[in-house]
Amino acid sequence: MTTMQPGNAIFDHNPYRGHPSLSETEAEVLWQYARLSQNIRELITETRRLSEAPDETLLKRLRVLEVKMGLVLTLFKASVWAVINEQPIDTSTYEGEDG
């Protein structure tokens, strides 16, 4: 997920190392937060890019799938209708109710 871009110096060296007010552990923690922040910025940028323009290849594949699913549904309905129409009508159940 992390992409090393040339302009991101935060991934190359720790800018907090050697700071007189910070211990070594504090400097490392701040560097981890800075790298995490940069990764989140990159993730936000990529998410915005993906949400602004739909993936055309995916849309084409989904359209083909939608047509196929429509055909399958039509064939299924026709098959169910054919099975229902092939069953004999049992008139004895209707005659027994009147009697």
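This one's a predicted model, so the numbers in the text were calculated from it and none came from an experiment.

S.K.: Honestly, the pattern of salt bridges in this entry has me stumped. Any pointers?
M.R.: Opposite charge on two side chains allows them to pair when their charged atoms are near. Counted according to the given criterion, the structure contains three salt bridges. Here Arg17 and Glu24 are joined by a salt bridge, their closest N and O atoms 3.3 Å apart. Judged by relative accessible area, Arg17 falls into the partly exposed class, the value being 48%. A salt bridge links Glu46 to Arg49, with the shortest nitrogen-to-oxygen separation between them at 2.4 Å. You can see Glu46 and its partner Arg49 sitting in helix α1 (residues 24–52), three residues apart, about one turn around the helix. Judged by relative accessible area, which is 35%, Glu46 ranks as partly exposed. In this structure Arg49 comes out as partly exposed when scored by relative accessible area, which is 48%. Here the salt bridges share partners, and the residues they tie into one network are Arg17, Glu24 and Glu28.

Rules and cut-offs
- Residues numbered from 1 in each chain as written.
- Predicted model: local features only at pLDDT ≥ 70, side-chain atom pairs only at ≥ 80, totals over all residues.
- Heavy atoms only, no water.
- Salt bridge = Lys/Arg side-chain N within 4 Å of Asp/Glu carboxyl O.
- Buried < 20%, exposed > 50% of the residue type's maximum accessible area, 1.4 Å probe, protein only.
- Helix = DSSP H or I, 4+ residues; strand = E, 2+ residues; numbered from the N terminus.

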